[in-house]
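Residue strings, one per chain:
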Amino acid sequence: MKKALLLLVICLFPVFTVLASETRNSPLKELAALGNASSLPDLSGAVPSGFNSYPRGAAAGGAVRRSGSRETSLGDLVIIEDQLASNEDFELTLPEGPLPDSDIPLTLNGQVEYFIRYFQTSGRKSFTRWLSRSERYIPMMKEVLKKNGLPEDLVYLAMIESGFTPHAVSVASAVGPWQFISGTGKRYDLRIDQWIDERRDPLKSTVAAALYLKELYAMFNNDWYLAAAGYNAGENKILRAIDRYNTRDFWEISKGSYLKRETKEYVPKLLAAAIIAKEPTRYGFADVAYLPPIEFDTVTIPSRTDLEVAAKLCNVDYQVVKELNPELRRWCTPPDYPGYELKIPFGKKRAFEQAYAQLPEGQRYAERFVYARYRAKKRDTLASIASRYGTTPQALAEVNKLKLSAKVRGRTLLVPVVADKEPAVQTAKADAPRKESAKGFNKYYTVKKGDTIASLSKKFNISSRILTAWNNLKGKLALRPGKRIIVAKYVEKKGSMVPVSGGDDNG
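Criteria and thresholds
- Residues numbered from 1 in each chain as written.
- Predicted model: local features only at pLDDT ≥ 70, side-chain atom pairs only at ≥ 80, totals over all residues.
- Heavy atoms only, no water.
- Helix = DSSP H or I, 4+ residues; strand = E, 2+ residues; numbered from the N terminus.
- Contact = heavy atoms within 4.5 Å.
- Areas by Shrake-Rupley, 256 points an atom, 1.4 Å probe, with all protein chains shown as cover.
- Expected span 1.5 Å × (residues − 1).
- Buried < 20%, exposed > 50% of the residue type's maximum accessible area, 1.4 Å probe, protein only.
- Polar contact = N/O pair within 3.5 Å; in protein donor to acceptor, adjacent residues only side chain to side chain.
- Patch = residues over 30% accessible without salt bridge, like charges linked within 9 Å, V, L, I, M, F, W, Y side chains within 5 Å.
- Salt bridge = Lys/Arg side-chain N within 4 Å of Asp/Glu carboxyl O.
- Core = buried A, V, L, I, M, F, W, Y, C linked by side-chain atoms within 4.5 Å.
- Axes fitted to C-alpha atoms, helices over the stretch in contact; angles between N-to-C directions.
- Parallel < 35°, antiparallel > 145°, perpendicular 65-115°, else oblique.
- Nonpolar A, V, L, I, M, F, W, Y, C, P; charged D, E, K, R; others polar.
- Bend = angle between axes of the 7 residues up to and from the residue.
- Pairing = 2+ DSSP bridges.
- Left-handed = near helix turned anticlockwise from the far one by under 90°.

Participant: Would you mind showing me how to read the overall build of the chain here?
Facilitator: A count of helical and extended segments in the chain gives 18 helices and 10 strands. Once local pairs closer than 6 in sequence are excluded, the contacts in the chain between residues at least 24 apart make up 68%. When the accessible surface of the chain is summed, it comes to about 27300 Å², and 52% of that surface belongs to carbon and sulfur atoms.

Here is the structure:
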């Protein structure tokens, strides 16, 4: 009996050894709850299993791969399983051999390896879309960067910022492929108003990004890692981090707690994206359907022009012209932008210019109407509401299926207004609309300590509701001392200033 048991154990031992070996060698998986890069855990110095990780005690002196230089390793990653990787049809390991050629320094350390693995697994679908869109914009963006004397591989910064999406908007209201906030965009001459947002223009925003990156590179003594971190967090934040830690080594600075996790991950994410995008097949992205490069001609538009008119002159669909001009927020070119350069399909320039020159100016643009909702007050009539909105009682009656003599108190009416006036109409309850020829003026007051909405409402004889609406006052800090607020509005009529009603309730 004992001999039989001994023989059984000897027979089963190789099986257990193989199972254990398979368990150790299976691809380790990341957090199952990973959603997107912004929610990744702070894995400074992380090295996923399956890679040639560095000894834990060698973090300070271990070598890592870098094109043109060497960096220190930042440690190992605690082993975490990612079940999303189990179904992939490629081996999830880093390819052997040197990193791809690049005109920005490429480093491969634990943090970069983590994001390579993330893009191969949890972020695979998103990264595939980024790659698909990349060829649409990369040739044009690289040309802009090259003309400005910058590394062409900085295009991958736009990849991690927006995935090359012109209409991308962040929670911080950063917009466009290069994710400019309003202040930074205007600093580099990008026009932003109700008609146009040039942060969405792939060409103009790339020019602005090139100027900004050039300044950052000079500011941080020609260090692209610090420049990229400054692009994400702001240059002042990185300058303070340098002073705090007394080092210009991004990897050393990122070990501290001063920078946000988003900024610590920004550079390794950029490097991982560049490494994969330059050799996608090598990293398991062999089946990407790339969009063709964007091609267009530009034509100078002397006056406001409807995009539908432009599309007809090009003999293409309206949506084609709209997609070529993502910076246009409406259906036409801006009204006060003479010489606006409209992008049209490549090869259509000559035919467009000939047809456009023969088109009378009055046929290039037609007013469009939208409908505002207005709740009629006690003394309102169709005539008074029509006068307020610059329409006619007959138009109001027809739209709302009423008789001209109908009483409208308490009714919510649809009011047809010219679409150009839409932003003003949306505040109609607070600020009575006026005809386009009327010129408006505001009276301002500087908030003092102790002022409240109620006290100012009483002081200037204006409804607190209107005061709040006029100044977009929200939250406890809305009336901080020193803030300038509107306390009265006037309209110029027949040479005299007429106050705009501020409402009749002081609640």
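Participant: I keep staring at helix α6 (residues 202-219) and nothing clicks. Help me out?
Facilitator: It helps to recall that an α-helix has 3.6 residues per turn; residues three or four apart then point in one direction. In a regular helix each residue adds 1.5 Å, so 18 residues correspond to 26 Å; α6 covers 25 Å between its end C-alpha atoms and thus fits that length. Turning to α6, its buried residues number three or more, namely Pro202, Ser205, Thr206, Ala208, Ala209, Ala210, Tyr212, Leu213 and Leu216. Buried residues belonging to α6 abut α3 (124-147), α4 (155-162), α5 (182-187), α7 (224-233) and α8 (235-245). With a side-chain oxygen positioned 2.8 Å from the backbone nitrogen of Leu203, the residue opening α6 is Asp201. Just downstream of α6 lies Asn221, where phi reads positive at about 55°.

Participant: Please clarify how a nonpolar patch on the surface should be interpreted in this entry.
Facilitator: A cluster of nonpolar residues, Leu203, Val207 and Leu211, forms a patch on the protein surface that exposes about 190 Å² of accessible area. Here Leu211 lies in helix α6. Here Leu211 falls in the partly exposed class, since its relative accessible area comes to 35%.

Participant: Honestly, the environment of Ala210 in this entry has me stumped. Any pointers?
Facilitator: Note on placement: Ala210 falls in helix α6. For the pair formed by Ala210 and Val144, sequence separation is 66 residues and the distance between their alpha carbons is 7.6 Å. Not counting residues within four places of it along the chain, the set of residues in contact with Ala210 comprises Leu145, Asn148 and Leu150.

Participant: What is the right way to look at the nonpolar core in this model?
Facilitator: In this structure, Phe119, Phe127, Met159, Trp178, Leu213 and Tyr231 are the most contacted members of the largest nonpolar core, which totals 68 residues. Mapped onto this core, the elements with two or more residues apiece are α2 (110-120), α3, α4, α6, α7, α8, α9 (250-253) and α10 (261-278). The element that contributes the greatest number of residues to this core is α10, accounting for 10 residues. Excluding its chain neighbours within four sequence positions, the residues that come into contact with Phe127 are Phe119, Met159, Ala273, Ile276, Ala277 and Phe285. If you look at the next biggest cluster of nonpolar residues, it comprises 14 residues, including Leu307, Ile344, Phe352 and Tyr356.

Participant: Explain the packing of α2 against α3 here, please?
Facilitator: Helix-helix packing is characterised by the crossing angle of the two axes and by the distance between the axes. Put simply, α2 and α3 touch, their axes get as near as 6 Å, and they point 90° apart. Taken as axis vectors, α2 and α3 run roughly perpendicular relative to one another. Residues Tyr118, Phe119 and Gln120 of α2 touch α3, and the partners they reach there are Arg124, Phe127 and Trp130. Here the residues of the contact of α2 with α3 are counted per class, giving four nonpolar, one polar and one charged.

Participant: Explain the pattern of salt bridges here, please?
Facilitator: Pairs can form between side chains of opposite charge whenever their charged atoms are close. What the rule picks out here adds up to 12 salt bridges. Between Glu198 and Lys204 there is a salt bridge; the shortest N-O distance is 2.9 Å. Overlapping salt bridges, with partners in common, bring together Lys142, Asp153 and Lys278 in one network.

Participant: Which parts of the structure should I look at to understand α3?
Facilitator: The end-to-end C-alpha separation of α3 is 33 Å, in line with the 34 Å expected for 24 residues at 1.5 Å each. Approximately 50° is the largest bend angle found in α3, and it occurs at Ser134. What α3 keeps buried is the set Arg124, Phe127, Trp130, Leu131, Ser132, Ser134, Tyr137, Ile138, Met140, Met141, Val144 and Leu145. Residues of α3 that are buried sit in contact with α2, α4, α6, α10 and β4 (296-301). Of the residues flanking the end of α3, it is Gly149, one or two places downstream, whose phi is positive at about 70°.

Participant: What should I look at first to understand the pairing of β4 in this one?
Facilitator: A regular strand places its side chains so that they alternate between the two faces of the sheet. Every second residue of β4 is oriented toward a common face, the buried set being Asp297, Val299 and Ile301 and the non-buried set Phe296, Thr298 and Thr300. Taken together, the six bridges between β4 and strand β5 (residues 340-345) define a ladder with antiparallel strand orientation. By the bridge assignment, Val299 is partnered in β5 with Leu342.

Participant: Just checking my understanding: could you explain the packing of α3 against α6 for this structure?
Facilitator: Contact pair α3 / α6: the axes reach a minimum separation of 9 Å and the direction vectors enclose 40°. When the axes of α3 and α6 are compared, the pair comes out oblique. Judged by the twist between their axes, the crossing of α3 over α6 is right-handed. Taking contact as the criterion, the partners of Tyr137, Met140, Met141, Val144 and Leu145 in α3 are, on α6, Pro202, Leu203, Thr206, Val207 and Ala210. For the contact of α3 with α6, the class distribution of residues is nine nonpolar, one polar and no charged.

By themselves, these observations are geometric and do not establish any function.
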